[in-house]
Structure formats: structure tokens, C-alpha cells
Amino acid sequence: MIRTENLVKLYRTEEVETTALAEVSLHVAPGEFVAIMGPSGCGKSSLMNIMGLIDVPTAGKYYFLGNEVSALSEKKRSELRKNNIGFVFQSFNLIDELTVFENVELPLIYTKTGHQERRERVEEALESLNMMHRRNHFPQQLSGGQQQRVAVARALVNRPALILADEPTGNLDSGHGDEVMRQLSRLNEAGTTIVMVTHSGRDAEFAHRIIRLLDGKVVGENLIKPVHV
Amino acid sequence: MFRNYLIVALRNIYRNKVYSLLNVAGLAVGIACSIIIALYLKNELTYDQHHQKAAQIYRVGSRFDISGKVDEIALSSRMLGPILKDEYEEIEEYTRFRWIPRILVRHGEKRFYEEKMLFADSTVFDLFDFEFLAGSPKNSLGNPNSIIITRSFSQRYFGQENPVGKILSTDRHEYRVRAMIADPPANSHLKFAALLPYARLDQSLPLPEDEEERKGELWSVSVYTYLLMRPDFVPETFDQISRSLYTRHMKFIGDQINGKAEFTIEPLARIHYGSAMAYDRFEYGNSTYLYSFFAIGIFILLLAIINYMNMATARSSSRAREVGMRKVLGGNRGQLINQFLGEAVIMSLIAFGFALVLVELILSLSPFNRLIGSELSLAPGGNWPFLLVCLAGAIGVGIISGSYPAFYLSSIIPAKALKGTRKSGKTGLLVRRGLVTFQFAVSIGVIVCTWLMYNQIDYVRSRDLGFNQENLLLIPLQDSTLARKAPEIRDELVTHEGISAGAIASDVPGTGISLMLFRAEGRENMEEHIFNVMFVGMGYLETMGLHLLEGQDFQPENQSEAGAHFLVNQELVRKMGWENGLGKHLQAQLNLDGNAQMDGHVQGVVEDFNVKSLHEGIQPLVLVLQDQPSGVLHLRLSGQNIHGTMDYIRQKWEEFDPDRPFDYSFLDQDFSELYARDNRQSTLLAILAFVCVFISCLGLLGLASYSIQQRTREIGIRKVLGASVLQIVFMLFRDFLVLVGIAALLASPVAWLVVRPWIHSFAYQAGIPWYVFIITALGAVLVAFITVGFHSLRAAQANPVQSLKYE
């Protein structure tokens, strides 16, 4: 599903050049649940942004679904992204002005899904995360755990092949955090590939494999459990 | 998708009430002002276009060149229309107007002095369209005893009754009302209360029998001539007509008096903003004000647009997450641009709704219309196309104001926005500061211009006219019988302790002075010149408070040879190049045989004084001793117990002239009427300048509150490190002070360049005082400080623990 070859990401300001990723090569197979771990500033989020096609590498190659995509235009990346990738963020990133239902509906609007189908799929996603009773609430009216469940519902509503989760439990207490992780596991068991960035060893244990990053380099991998596809 | 945008837009407006309110208020006030200005411009620019044949109608002006002195006047000879129609096939029809001097009109017990009556040819309705409310145009002015009245005139005499067939009388004649027409619309330069048949004038002043003398009449101007040209008429060809007419009918006199004449035409639609020729007693506009209003309208709209741009981009930090998420979920930049443009259009349409209400309130409930002397209205009757244009304009305003925020917000990089690490960029901040600087520059510029214009008008108004205009009572002498007895009553009145002097004169300074062809002693021989002339009685200089510089005033013994004694002003002496004016030879009222009916010598030189509005400078003037008293009785009141004196005069006058209501005015009031239009226009400018400042302050308020919000953490750290509230307030204000300072530096020279030519168009110039610029700039700083101060103070007083937690 994902393969990177010598990915480099540099951030330049007027005086300083920072290397976020230094020749990172890795692959993620379809159906896999991969956790990326490492200390703050090791390049986890930069890697996620490139994998999620919301940023481009400075050098190196990125193959997504078998195609080299690192040099694609913003428009083509956007097409690939909206049809194949779902995102879950640490800070939920729900749109405050939209209700729970409307937030989850948003990806379907961008993929021009019909009205009736949109309603069905949003309801299905909210049902699966046990959030139907909150469909007309605004994000500020929900707890952190509930907000993250809405964010997960939004990530899966388009039935993406890949979900990228950036510290999905970072803003949650352990109870709510476990609940979100179980949801992600269920999605993975249903066939969705998941790549997750985390600081938490506890969350990482939900994954099949852990990739460890340090100073922008892959410094190790741990296989936790075999992948069942 | 659209529904989603609409929901987000409306919820955003609802959630951010204060900023929405600032935005909508700025836009609504801006749009409302622009609508009012547009209504005003529409009214001004469609002058006289309601006449169906407007495109074929022209007014003839005359251009006389006598001994090198050129006069262009809106009047022409009463012979001109008939000759043109007879001899040139291009002219289909003509009609002439002539103002009737203030006249007493009676119907039963009702008596009113009327000032807006015209003689008009019966062809007037072949050229112009007036709405007939009673009676019909056919033959309505054919009979010399007919009168056509407007509705407002009719209401004064007949109330709601049908006036047709009723009789109105003047001192000399009776007239039967043939028709009632609607009052001419506000955007008509021909504004009158009633029309009398021109045939009546021909009866009282018949044309000379002799053909030569009739042609001589072509040199004498008294009427406004309007021509209806054939549809295929090419205006450029009128030159040939004018030349051929001159050669055939006027040249033989022109050669005798060293003069030339030609005629020019002005299309009807351009008369109002035309060349403003001398002796145009119809209402004409001042294009300087028109351009100013147009410019300010655009500026105000621009300021409101800038407000929106500023606040929308300043709020980018709170919208960044949404933009980032939408992009991540597949929204492309085009869709985001459409979304933000759509939001701006929604905001603008909401503001448009409020603006319409505001406009209606201002026009119908406030004294605004009276203040600017107009009848603007938004009544949708015939205004639908205008309202649709305004609606399109509001959508345009939305698109323009949304454009920069749309491009700016849609360029946000999602990776940064979603991590929350995004800060407002330097470019964005610079642009916002640039925009606020521009807003203040415009406001300062408009205020400086308005102030300087006020200053100029005030200077002109309060300038010494060269005579004492205070407490000068004017009583018109209504007819010649009365006028003949006037010296008697004058002599009686001046014995009252409240009246210090009195004199009779043909004209009153400021109300239109006659021109006359003179022959004056030149270096080698007599030269022809056109001078202003006033026929005055004994005691005129004393009554007016005029200074005689040399020679002597008119003496009683001069009365027997009245046309042979002249006083002239300094300007005439200068103009003629005389070293000493006394004894110089003057002739006027020249006959065709070369003799003059008025022939004499200058016996005194008077200090220059103004006989016209101070828009015009001092011009050469001849004072001629009246042989018969006529015109206006001038009485100089001592200024003490004016009420008692007025009662005395009224009582005496009513004994003297029991048939008419006592009619009088004060010269200073008449003179200030000359500046009424200037006053109205500058009032409007002042209101608009205030609106500019108001909108700019809204912009500054928006920018300040966001700028302070962004610096909350910095404020907290500074407080922890020991900064006082005052230091923090000034630190926050310093940035804005720089912006306002730059604005003042930019605006001042531009305002100077704009206003200078306008001030130079006056004969008397107030100059451009430097303190106007300084005080305006300081005022702008003060307003900015008050606007920013409140926010700054609140931020500075906040608990630093809170501010540090904020980040």
C-alpha cells in the first residue's frame, strides 16, 4: 500500500535548515496496522503528512497504491486523498460551526456522494461509533473522547483503504483513549490499513508492527503480532 | 455543498457576533452612503432627460465680442428664435422663456408675491413634456390672457379645487387658468411656478416696425431661446448657421460698434452641468461637487470593503483549522475560494438589507433631504432598475471584499494549520496594516478637503464686500406710480430715529446686475466696452456705506441732467488704464446714428465693492444717476430697536401702498442665499467625511482587537517581567500611531493637490492654512487612541497567568 524510498524533508527558514526526515525508507502492506513511535521532533508528523499527501517530500520517492506520487500536483493529490485516505488527529480538528452529523458528512460532500447515500453512510458511521444520539450536537458540546469518536467516524465514512492517525489518544484520558484504540482495531480487522503516530507504548500494542524514528531516521522495527488479511 | 457553505457562513456570523456586527455595520453604512450618493448622482446626471425630445432640444447662448471684451451669456435676443425658424430648415420649432420679476398675484383675498413665473411661447409644449393634471396643452398659451400653473402654485390659491377657468390677477392684467401641470421634477433645470404667454410680452413691448431696427434687436438679449432641431441635425453645423445669420442680419451694426456676435448651442441634457454661462437664472450644477461626491462614494465603499478584508484575514487564525481540515478531506483551493467568496457575498447581502432600511430612514425621517436641498427617495415605484443595479453592486462589493480573504485563507497549508503551529504570516500582517493605513489616509484626506472647502466658503461669506451689508432693509417698488412717490416716503422715513439713511437704486448687489455697452475715453479715441451698470438715486453711497475716493457724489442739481453724471469704481479706472478717472468721457445707450442718449463725464471714483457673488471678482462698474426713481428702496437701519423701527416702516408703507402686502428683505440674508448651494454641498461633504472616519474606526477596532489577541502571550510575559499597565497600553498603541502617522503623511499632499485648484476657482482665496493638516492628523491620532485604547487597557489589565495559559 505504502512504500517510501529515501524520503527527505527539510524545513528552511531564513537562517536555519532543519532536517525532519533523513532518507526514510519503509513500506506498509495492505491490511497492516503500523505504529510509528519516537520522541518529539523525530519527524513522525512530517512522515505522516507526506504519507497523507498533505505535504510533499524534499527528496526521495513515495509510492502509494503502487504509483509514485511525490511529484503529483495538489489537485491530483487531493483526488487520491479524498478517495483513499481517512485522517484522525490528536486535536480532533472538527469544524466548530458544523454539527456532529455535518462534520462526518463533509468528506462525502467532497466526493460528491448523493444526498440519500450520504445520510445512510453518516448514520452507519455514527452508529458504529455509538454517536448517533449526539448527531445534532456541536463539537464544543461533546467530551474529548466523544469528539475523537466523531473524528474517527469522519475518517471512516468514506470507506478509505488507509487511515492515518496522528496521536489519536494524545488529548484523551486512558479510558477514552482505549475506546478509540479499540475502534481503530475493529476497523483494521475489517480490512482498513492503519498507520498511527504515537508516544504511547500502550496504544502501540494495538498495532502489528512498530517503526521507531529518531532524528528523522528509522532506527528500528518491532513486529508485535502477525497481520491477518 | 452550497448548503454546507451557507450553514458555516451563517453559524460563523452568529457565533462571532461582535465581529459580524462590526463587519455588517461597516458594510451597511458604506453601502447605504453609496446608495444615497448614487441616488444623488442619478438625479444630477439625468437632468432634463425626461423630455421625450430631449436629444433634439438645444439652448442658444450668445457670445458678444465688443472691442475685444468677450461675454458669453445664456440669454439671447427675442428676435433670434423667429428668424432661425423662418430661415433655417434645420430648426423645427423654438420656444422662448423670460423670467417675470417678483410680482404680486391675487385671487380673491389670497395674495402672494411670486418669484418663479416665466413668459413662454405657446410652442413650449411642442418641445417639453409636462404632465397635465387639468386642462390640455392645446392652445393653452395661445391667448395673451391665459396662465398655466403648477400644482403647488394652484394649491396656494385654490386649495384642492380644480383651478381651470379660474381668474388670477396682477396689478395690470387678469389671467384665466387654462391648465394645471405637475411641478417640474427635481431633475429639471426648468423650474417654475407658472407660465404666462409670451404673446402678452409682445403686446406690452411690441417689436419695432422698422426692419433695420428689428434687426438691431438681435444685439439686445432678454430671453432664453430653446430650439427643437430636426432629428438628423448635426450640432457641429450650427456654427455655419450662426455665421450666416450674423452676416445677413447683424454685421452692419457689428461693424459700427467694433463688435462681433455669434451664437452657440448647448444640448438640453448638458445645460445643468454646462458651461454655467453668465445670466443663467435657471438652476445649474457644480461639477466639482459632483466629482467629489462620486469620489467619496467610491472611497466609502472601498473603506467598507477594506474593513471586511481586514477582519476576515485577521480572523484567519480561527479559520485555519477549518481550512486545513477541508483541504485534508479533499476540498480543493477553488472550492475554498468559492466558499469564502460566498461568505463575503452573504455578509454583503445582509448589509445591503440593512443599508436599504438605513437609506429609507435617512431619506424619509431625517432632515437630510432638506439639508442638501434635494428630493431623493428610494420609493420603489420607478426605482426597480436602480435597486437591481444596487443589488448587483452589493454582490460586487461582496465579491471584491471576499477576494483577498478568499485567496489568503485558501492558501493556508493544512499540515501547519492542523498542528496548530500556524501563525499569521508577516505578509498578511503587512497587507492588513497597509489597508488600515489606506483607510486612515482616505479619512484624513477627506477631512482635510472638507475642512479647507468649509474654510474657503466661510472666508468668502465673511469677507468684507466693500459696503456695509448689516441692517440694510430692501423694499421693492412694485410699480412706477409707487416709484414716483418713493423719494417722498424715503424722506419721511429717514426722519425716524431708527433709520439713518435711504436711497433708491435699480438693482441690489448680489441679485443680478445689468450689463451695458459703453463708449469710454481711451488713450487715443473712444473705445467700446461692456460694463456693469447700476442706476441709483441720491444718497446711495451714504446708504450703502460706500467710500468715495475722489471727486464728488451725485448732487441734487445733477438730477436735471441725470444721464450725464457718472460714478465709477476703481476697477473700471484700472481696466481703462486711466491715471485719474475724474472727468473722463463716457457714453451709453448708443443709437444707430452714432449718438448716445447717455453722455457725460466721470465725477467721482468709488472704492471697489462686490455686486456679485464672491465666486466672481470685482468687475468694472458704472453708477448712473437715475432720472426716474425705480427699483428698490434701500433703508439703512441704525440697528437699535429694529422691531420698533420695522413696525413703524410697515405702518407707513401700508398707508403709502394699501393694496399690497408689505414686502421687504434684508440684504445680508439675500446675500447669504447666494451661498446656499455651497452651504448645502459642503454640509453633505462634512457628513460623508464623518462616515469615512466612522468606517475607518471600525476597521481599526477590528485590527486592534485581533492584534491584541495575537499578542496576549507577549503581554503576559511583559507583565510578569514588570511592565506597567500604561507601558503596555502605549506599547500596543505605538504600532497604530505609526500607521496613522504614515496615513497623515500620505494624505496631506494629495488633499493639498485636490483642493488647491478648487480654491483657485474663487476670485477670493482663503489660502490653505497649515494647521488644518496638523489638527486633522492629531485628531486622527486621538480617534485612533480612543478606538484602540479600550482594548489595550483591557488586555493590559488582564491577569498575566490567564494570558500565559492562553497559548
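A. Representation of the overall build of chain A within the structure. A count of helices and strands for chain A gives 7 helices and 10 strands. By the compact-globule yardstick of 17 Å for 229 residues, chain A fits well, its C-alpha radius of gyration being 17 Å. Its C-alpha atoms give chain A principal-axis dimensions of roughly 45 × 40 × 40 Å. Within the span of chain A, comprising 229 residues, buried residues form 56% of the whole. Contacts in chain A between residues far apart in sequence, at least 24 positions, make up 66% of those at least 6 positions apart. Of the roughly 9800 Å² that chain A leaves accessible, carbon and sulfur atoms contribute 47%. Distance between charge centres in chain A, computed from 26 positive and 29 negative side chains, equals 4 Å.

B. View of the packing of helix H22 (residues 676-710) of chain B against helix H25 (residues 770-797) of chain B. Residues and elements named next belong to chain B. The geometry of H22 relative to H25 is characterised by a closest axis approach of 9 Å and an angle of 25° between their N-to-C directions. Here H22 is positioned roughly parallel relative to H25, judged by the angle of their axes. The hand of the H22/H25 crossing is right-handed. Contact residues: H22 offers Val693, Cys697, Leu700, Leu701, Ala704, Ser705 and Ile708, while H25 offers Val783, Ala784, Thr787, Val788, His791, Ser792 and Ala795. Partitioned by chemical class, the residues of the contact of H22 with H25 number 10 nonpolar, 4 polar and no charged.

C. Focus on the environment of Leu418 of chain B. Considering the arrangement of structural elements, one finds Leu418 of chain B in helix H15 (residues 414-419). Spatially, the C-alpha atom of Leu418 of chain B lies 7.0 Å from that of Met325 of chain B, the residues being 93 residues apart in sequence. Once residues within four sequence positions are removed from consideration, Leu418 of chain B is found in contact with Phe89, Ser91 and Asn93 of chain A together with Arg321, Gly324, Met325 and Val328 of chain B.

D. Looking closely at the sheet that holds strand E6 (residues 85-89) of chain A. Residue and element names in this part refer to chain A. Pairing is mixed in the open sheet, where 6 strands are placed in the order E6-E7-E8-E3-E9-E10. Looking along the sheet, the strands with just one partner apiece sit at the ends: E6 and strand E10 (217-223). Each adjacent strand pair in this sheet contributes to an overall mean axis angle of 15°, direction not counted. Here strand E7 (residues 162-166) pairs with strand E8 (residues 193-198) via 5 bridges, running parallel. Along E8, the bridge assignment pairs Leu164 with Val195. The strands that helix H2 (residues 74-84) touches are E6 and E7; relative to E6, the one it contacts most, it runs at about 80°. Sheet contacts for helix H5 (residues 144-156): E6 and E7; angle to E6, the most-contacted strand, approximately 170°.

E. Representation of empty space enclosed by the protein within the structure. Counting across every chain of the model gives 5 cavities of 30 Å³ or more. A volume near 240 Å³ is recorded for the largest cavity. The wall of the largest cavity is formed by 17 residues, among which Tyr308, Arg315, Arg319, Glu343 and Met347 of chain B lie closest to the centre. Taken together, the elements giving at least two residues each to the lining of the largest cavity come down to helix H1 (2-15), helix H2 (17-45), helix H10 (287-314), helix H12 (333-365) and helix H14 (384-410) of chain B. Size it by volume and the second largest cavity reaches roughly 60 Å³. Around the second largest cavity sit Arg81, Lys82, Ile85, Gly86, Phe87, Pro107, Arg154, Ala155 and Asn158 of chain A together with Val328 and Leu329 of chain B, which together line it. Contributing elements (two or more residues each) for the lining of the second largest cavity: H2, E6 and H5 of chain A. Of the residues that constitute the lining of the second largest cavity, the class distribution is 6 nonpolar, 2 polar and 3 charged.

F. Seen up close, the confidence of the model for chain B. Residue and element names in this part refer to chain B. Per-residue confidence for chain B gives a mean pLDDT of 85, with 97% of residues at or over 70. Within chain B, the element-level pLDDT minimum falls on helix H26 (residues 800-806), averaging 60, and the maximum on strand E12 (residues 224-229), averaging 95. In the predicted complex, the global pTM is 0.75; the interface-specific ipTM is 0.79.

G. How the structure looks around the pairing of strand E4 (residues 59-64) of chain A. Residues and elements named next belong to chain A. Bridge count between strand E1 (residues 2-12) and E4: 5 bridges; the pairing is antiparallel. Looking at the pairing, Ile2 lines up with Phe64 of E4. Of the pairings in the sheet, the one linking E4 to strand E5 (residues 67-68) comprises 2 bridges and is antiparallel in character. Within E5, the position partnered with Tyr63 by the bridge is Glu68. Counted between consecutive antiparallel strands, the loop separating E4 from E5 contains 2 residues, among which Leu65 sits at a positive phi close to 50°.

H. Inspection of the pattern of salt bridges at higher detail. All names here are of chain B. Throughout the structure, instances matching the rule amount to 43 salt bridges over all chains. For Arg319, the salt bridge goes to Glu343, with nearest N and O atoms at 2.7 Å. Within this pair, whereas Arg319 is found in helix H11 (residues 316-328), its partner Glu343 is found in helix H12, the two being separated by 24 residues in sequence. Among the residues examined, Arg319 registers a relative accessible area of 6% and is labelled buried. Classification of Glu343 by relative accessible area gives buried; the value is 10%. Several salt bridges share partner residues, and in doing so they unite Arg106, Asp171, Asp657 and Arg660 into one network.

I. Structural view of the sheet that holds E1 of chain A. Residue and element names in this part refer to chain A. Spatially, E2-E1-E4-E5 is the arrangement adopted by the 4 strands of the open sheet, whose pairing is antiparallel. Only two strands of the sheet have a single neighbouring strand rather than two, namely strand E2 (17-28) and E5. Bridge analysis of E1 against E2 gives 8 bridges, and the strand direction is antiparallel. Bridge pairing links Thr4 to Leu26 in E2.

J. Local environment of the interface of chain B and chain A. Listed as interface residues are 22 residues of chain B and, on the opposing side, 25 residues of chain A. Counting the contacts that link chain B with chain A gives 1 salt bridge. The interface formed by chain B and chain A holds 9 residue pairs in polar contact (both at pLDDT 80 or more) in total. Sorting the residues of the side of chain B that touches chain A by element identifies H1, H11 and H15 of chain B as the ones contributing at least two each.

K. Geometry of the nonpolar core. Residues Ile35 and Leu623 of chain B are the most contacted members of the largest nonpolar core, which totals 112 residues. When residues no more than four places from it in sequence are discounted, the contact partners of Ile35 of chain B are Phe352, Leu356, Val359, Leu378, Phe386 and Cys390 of chain B. Counting 39 residues, the second largest nonpolar core, distinct from the first, contains Met1, Leu21, Tyr110 and Val197 of chain A.

L. H14 of chain B, seen in detail. The end-to-end C-alpha distance of H14 of chain B is 37 Å, a good match for the 39 Å that 27 residues give at a rise of 1.5 Å each. Taking the largest bend as the criterion, H14 of chain B deviates by roughly 35°, centred on Gly402 of chain B, and proline Pro405 of chain B comes between one and four positions later.

M. A look at the packing of aromatic side chains. Residue and element names in this part refer to chain B. Counting across every chain of the model gives 28 aromatic pairs over all chains. A centroid spacing of 5.5 Å and a plane angle of 80° characterise the contact between Tyr58 and Phe233, whose relative ring orientation is edge-to-face. Here the residue Tyr58 occupies a position in strand E1 (residues 57-66), and Phe233 occupies one in the loop between E12 and helix H8 (238-256), the gap between them amounting to 175 residues. Connected via pairs of aromatic rings, a cluster forms that spans Phe97, Phe125, Phe128, Phe130, Phe132, Phe192 and Tyr226.

N. Fine view of the packing of H11 of chain B against H12 of chain B. Residue and element names in this part refer to chain B. Two elements in contact, H11 and H12, have axes separated by 11 Å at closest approach and are oriented at 140°. One element, H11, and the other, H12, form an angle in the oblique class. Listed contacts from H12 to Arg319, Glu322, Val323, Arg326 and Lys327 of H11 are Leu336, Gln339, Phe340 and Glu343. Looking at the contact of H11 with H12, its residues break down into 3 nonpolar, 1 polar and 5 charged.

O. Local environment of H11 of chain B. Residue and element names in this part refer to chain B. With 13 residues, H11 ought to run about 18 Å at 1.5 Å a step, and its terminal C-alpha atoms sit 17 Å apart, in line with that. Taking burial as the measure, the 13 residues of H11 include 10 buried ones, the bulk of the element. Every buried residue of H11 is accounted for by Ser316, Arg319, Ala320, Glu322, Val323, Gly324, Met325, Arg326, Lys327 and Val328. Positive backbone phi, approximately 110°, marks Gly330, located one or two places after H11.

P. Geometry of unusual backbone geometry. Phi angles above zero are rare outside glycine, and Arg159 of chain A is one such case at about 50°. Assignment of secondary structure puts Arg159 of chain A in the loop between H5 and E7. The backbone of Asn471 of chain B sits at a positive phi, close to 55°, despite the residue not being glycine. Residue position: Asn471 of chain B is located in the loop between helix H16 (426-462) and strand E14 (472-476). You can call Asn471 of chain B partly exposed: its relative accessible area is 24%.

Rules used throughout
Residues numbered from 1 in each chain as written. Chains lettered and ligands numbered in written order. Predicted model: local features only at pLDDT ≥ 70, side-chain atom pairs only at ≥ 80, totals over all residues. Heavy atoms only, no water. Helix = DSSP H or I, 4+ residues; strand = E, 2+ residues; numbered from the N terminus. Rg over C-alpha atoms; globule rule 2.2 N^0.38 Å. Buried < 20%, exposed > 50% of the residue type's maximum accessible area, 1.4 Å probe, protein only. Contact = heavy atoms within 4.5 Å. Areas by Shrake-Rupley, 256 points an atom, 1.4 Å probe, with all protein chains shown as cover. Lys, Arg positive; Asp, Glu negative; His and termini not counted. Charge placed at Lys NZ, Arg CZ, Asp CG, Glu CD. Axes fitted to C-alpha atoms, helices over the stretch in contact; angles between N-to-C directions. Parallel < 35°, antiparallel > 145°, perpendicular 65-115°, else oblique. Left-handed = near helix turned anticlockwise from the far one by under 90°. Nonpolar A, V, L, I, M, F, W, Y, C, P; charged D, E, K, R; others polar. Pairing = 2+ DSSP bridges. 1 Å grid on protein atoms, 1.4 Å probe; cavity = no way out; pocket = protein on both sides within 12 Å on 5 of 7 lines; lining within 4 Å. Points joined across faces, edges and corners; volume = space filled by probe spheres on them. pLDDT = per-residue confidence, 0-100. Salt bridge = Lys/Arg side-chain N within 4 Å of Asp/Glu carboxyl O. Polar contact = N/O pair within 3.5 Å; in protein donor to acceptor, adjacent residues only side chain to side chain. Core = buried A, V, L, I, M, F, W, Y, C linked by side-chain atoms within 4.5 Å. Expected span 1.5 Å × (residues − 1). Bend = angle between axes of the 7 residues up to and from the residue. Phe/Tyr/Trp six-rings, centres within 6.5 Å; stacked < 30°, edge-to-face > 60°.

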